[in-house]
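Report on the structure
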Amino acid sequence: MLKKDLMELCLLHLLAQSAQYGYELLRRLHDAFPDTQESAIYAILRGLCKENYTKSFAGESSDGPTRKYYELTDKGREKHAALLQEWRAMKKAISEMGIE
């Protein structure tokens, strides 16, 4: 599982909890992967939308312009479950090798 795959898993995992707006997702993912460019994170988000794993909608903001929110689709929930299973298997294999 490469870094891009991990970021995709993290985005899907965050969205599995609740619909969130783009900047909040960016901030949370950037905290986990600080050396990642914002444009790369948004590119992954756009790709998830293009593949119908997520969908976006305009939401209200208490101050400022309308925010773009993202939420998982049913297909996205399936992708999230598959990536999570892959992550757990990889984590177990690495642990069994004694790498912590």
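Refer to the structure presented above.
Heads up: these notes are all about the structure in this document. Keep in mind the model is a prediction, meaning the values are calculated, not measured.

1. Quick notes on the sheet that holds strand β3 (residues 67-72)
Pairing is antiparallel in the open sheet, where three strands are placed in the order β1-β3-β2. Each having just a single partner strand, β1 (20-21) and β2 (54-59) make up the two edges of the open sheet. Summarising the sheet, β2 and β3 pair through six bridges and their orientation is antiparallel. The residue of β3 that forms the bridge with Phe 57 is Tyr 69. The strands that helix α1 (residues 3-17) touches are β1, β2 and β3; relative to β3, the one it contacts most, it runs at about 95°.

2. A few points about the packing of helix α2 (residues 22-32) against helix α3 (residues 38-50)
Their axes nearest at 10 Å, the elements α2 and α3 cross at an angle of 120°. One finds that α2 runs oblique with respect to α3. Note that α2 runs across α3; the crossing there is right-handed. Residue-level contacts link Gly 22, Tyr 23, Leu 25, Leu 26, Leu 29 and His 30 of α2 to Glu 38, Ile 41, Tyr 42 and Leu 45 of α3. When its residues are assigned to classes, the contact of α2 with α3 shows seven nonpolar, two polar and one charged.

3. Thoughts on the nonpolar core
Counting residues in hydrophobic clusters, the biggest one holds 19 residues, and the most contacted among them are Leu 11, Leu 12, Leu 25, Leu 29 and Leu 48. At the level of elements, α1, α2, α3, β3 and α4 (74-96) are the ones that each hand at least two residues to this core. With six residues, the top contributor of residues to this core is α1. In contact with Leu 48, not counting residues within four places along its chain, are Glu 8, Leu 11, Leu 12, Tyr 53 and Thr 54.

Reading guide: rules and limits
- Residues numbered from 1 in each chain as written.
- Predicted model: local features only at pLDDT ≥ 70, side-chain atom pairs only at ≥ 80, totals over all residues.
- Heavy atoms only, no water.
- Pairing = 2+ DSSP bridges.
- Helix = DSSP H or I, 4+ residues; strand = E, 2+ residues; numbered from the N terminus.
- Contact = heavy atoms within 4.5 Å.
- Axes fitted to C-alpha atoms, helices over the stretch in contact; angles between N-to-C directions.
- Parallel < 35°, antiparallel > 145°, perpendicular 65-115°, else oblique.
- Left-handed = near helix turned anticlockwise from the far one by under 90°.
- Nonpolar A, V, L, I, M, F, W, Y, C, P; charged D, E, K, R; others polar.
- Core = buried A, V, L, I, M, F, W, Y, C linked by side-chain atoms within 4.5 Å.
- Buried < 20%, exposed > 50% of the residue type's maximum accessible area, 1.4 Å probe, protein only.

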